[in-house]
Amino acid sequence: MIEHITGIHHITAMASDAVANNTFFTQSLGQRRVKKTVNFDAPEVYHLYYADRVGTPGTVMTYFPFPDISRARRGVGEVGHIAYAVPETALAEWARQYRGARRDTLFDEDRLHLTGPDGEAIILVATDNAVGQLWSGTLDPALAPRGFHSASLRVAEAEEMDALLRLMGYVPEGTQGSVTRYRVRGKRASVLDLDLRPDMPRATQGAGSVHHIAFAVPDREAQLTVRKALIAAGYNVTPVIDRSYFWAIYFRTPGGILFEIATDEPGFATDEPLDTLGEALLLPPQHESLRAVLERALPAL
Ligand code: ZN
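Every chain is numbered independently, its residues counted from 1 as its sequence is written. Two thresholds apply to this predicted model, a pLDDT of at least 70 for residue-level local features and 80 or more for giving and counting side-chain atom pairs, whereas whole-chain, interface and lining totals are computed over all residues. To obtain the side-chain values, all non-hydrogen atoms of the structure were used and water was disregarded.

Any carboxyl oxygen of Asp or Glu that lies within 4 Å of a side-chain nitrogen of Lys or Arg is treated as forming a salt bridge with it. Going through the model one piece at a time under the given rule, you end up with 15 salt bridges. For Asp-104, the salt bridge is made with Arg-102, and the minimal N-O distance between the two is 3.4 Å. You can call Asp-104 partly exposed: its relative accessible area is 22%. The partner of Arg-291 in a salt bridge is Glu-288, and the shortest N-O contact between them spans 2.5 Å. Each residue is placed in one exposure class: buried if its accessible area under a 1.4 Å probe, protein chains only, is under 20% of its type's maximum, exposed if it is over 50%, and partly exposed if it falls in between. Under the relative-accessibility criterion, Glu-288 is labelled partly exposed at 36%. Here the salt bridges do not stand alone but share partners, grouping Lys-35, Asp-271 and Glu-272 into one network.

Attention now moves to the side chain of Thr-62. What counts as a helix is a DSSP run of H or I of at least four residues, what counts as a strand is a run of E of at least two, and both are numbered from the N terminus. Here Thr-62 lies in strand S4 (residues 60-65). By relative accessible area, which is 0% here, Thr-62 ends up buried. A polar atom in the side chain of Thr-62 sits 2.7 Å from the side chain of Thr-12. Throughout, a contact is declared for two residues whenever any of their heavy atoms are within 4.5 Å. With residues up to four places along the chain from it excluded, the contact list for Thr-62 reads His-10, Ile-11, Thr-12, Ala-13, His-47, Leu-48 and Tyr-49. Here a polar contact is taken to be a pair of N or O atoms separated by no more than 3.5 Å, where protein atoms must pair a possible hydrogen donor with a possible acceptor and residues adjacent in sequence count only if both atoms sit in side chains.

To continue, consider the environment of Asp-118. Turning to its location among the elements, Asp-118 is positioned in the loop between strand S7 (109-115) and strand S8 (121-126). Since its relative accessible area comes to 4%, Asp-118 is described here as buried. Spatially, the C-alpha atom of Asp-118 lies 23 Å from that of Glu-260, the residues being 142 residues apart in sequence. The contacts of Asp-118, once residues within four sequence positions are left out, are Met-14, Ala-15, Ser-16, Asp-17, Arg-71, Arg-74, Ala-207 and Gly-208. Polar side-chain contacts of Asp-118 include one of 2.6 Å to the side chain of Ser-16.

Quick look at the sheet that holds strand S1 (residues 8-15) now. In short, DSSP must find at least two bridges between two strands for them to pair. If you trace the 8 strands from one edge of the open sheet to the other, you get S2-S3-S4-S1-S13-S16-S15-S14, paired in mixed fashion. In this open sheet, the two strands that pair with only one neighbour each are strand S2 (32-39) and strand S14 (241-242). With 5 bridges joining them, S1 and strand S13 (residues 210-217) adopt antiparallel strand pairing. When the sheet's bridge partners are listed, Ile-8 is paired in S13 with Phe-215. For helices, the fitted axis covers only the stretch in contact; all axes are lines through C-alpha atoms, and the angles between them, taken along N-to-C directions, range from 0 to 180 degrees. Contacts from helix H1 (residues 18-28) reach S1, S2, strand S3 (42-51) and S4 within the one sheet, and its direction differs from that of S3 by about 10 degrees.

To continue, consider the coordination of the zinc ion. Note that water is not among the atoms used; donors are N, O and S atoms within 2.8 Å of the metal (3.2 Å for Na, K and Ca), so sites may look incomplete. Bound to the zinc ion on the protein side are His-10 (NE2), His-212 (NE2) and Glu-260 (OE), at distances that span 2.0 Å. For the zinc ion, the donor residues sit on a single chain with the sequence spacing H-x201-H-x47-E. On the criterion of sequence distance, the pair formed by His-10 in strand S1 and Glu-260 in strand S16 (residues 258-266) is long-range, its members being 250 residues apart. Note on accessibility: His-10 and Glu-260 belong to one class, buried.

Where a protein is soluble and globular, its nonpolar side chains tend to be buried together. Counting 64 residues, the largest nonpolar core has Trp-94, Leu-153, Leu-192, Ile-213 and Phe-259 as the members making the most contacts within it. Once residues within four sequence positions are removed from consideration, Leu-153 is found in contact with Glu-78, Val-79, Met-161, Leu-165, Leu-192, Asp-193, Leu-194, Asp-195, Ile-213, Ile-257 and Phe-259. Counting residues in hydrophobic clusters, the runner-up holds 14 residues, among them Val-34, Tyr-49, Ala-51 and Leu-277. Here, nonpolar core refers to any group of buried Ala, Val, Leu, Ile, Met, Phe, Trp, Tyr and Cys residues whose side-chain atoms link them within 4.5 Å.

Printed below as a string of structure tokens:
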């Protein structure tokens with residue numbers, strides 16, 4: 001069993017409109033935009049990072065806004081929902097503000113279901129298990145989501161995903177309806193819900209889809225150990241890729257979901273000061289020559 005994974009590091013999704021996406025995460029959800037950069041493989045598209053005050057792993061939601069991509073089709077083989085932790089006392093106020101939003105309980109935790117601008121399923125879970133550092137943005141800090149509580153993985157078959165999650169250090173805790181809850185040893189965003197839904201079609205990626213979910217390891221040494229263990233278990237894992245703010249490896253899961261293992265180091269304050277994080281357009285060295293073109297073409301945020 002792998003012992004280095006501590007929970008969710010970040011989740012990366014696709015949007016259709018950078019402005020609507022930015023407004024939702026920074027204004028409605030009160031997250032701090034901690035990085036404004038471009039897709040390293042397609043620099044004409046933004047890569048936006050929303051997180052806590054400093055970009056703590058376990059709080060980081062990132063988006064590629066592709067103008068005009070079509071809406072995703074929900075199904076199996078994808079991350080089903082993203083859940084943020086909110087203080088127990090705050091959930092009632094959220095429910096008051098989002099009157100039509102569905103409320104339910106899973107594993108004795110109260111939840112409120114919100115919908116993002118591209119139809120994303122975003123759940124607020126009442127818990128006092130906060131991750132990260134509060135950002136005094138536009139929301140009352142007493143209400144603001146405090147990092148990820150969990151994410152759900154929607155699959156048509158559970159057996160191989162169960163084996164993978166156990167290999168990654170996750171332990172099943174119980175089943176309610178279609179959902180089996182897993183938890184990894186670690187204090188940040190340590191919960192995953194495996195949602196067994198053979199009744200659903202295969203998901204089609206588009207606006208509102210999660211592209212991949214990344215799991216945290218402390219450093220590059222731990223990442224290499226995890227990489228070896230995954231390869232030994234038969235997974236086809238990429239080489240280590242430099243993503244400027246972390247190091248990444250990727251592999252496709254049996255359930256069809258793209259997993260990443262990302263390092264906590266070096267973090268988001270490596271190329272700009274902490275107090276102005278996410279304000280300037282940051283470009284990796286290979287795309288710096290495109291700055292003038294990109295600044296004209298990308299929508300102002
Ligand atoms: Zn990633």
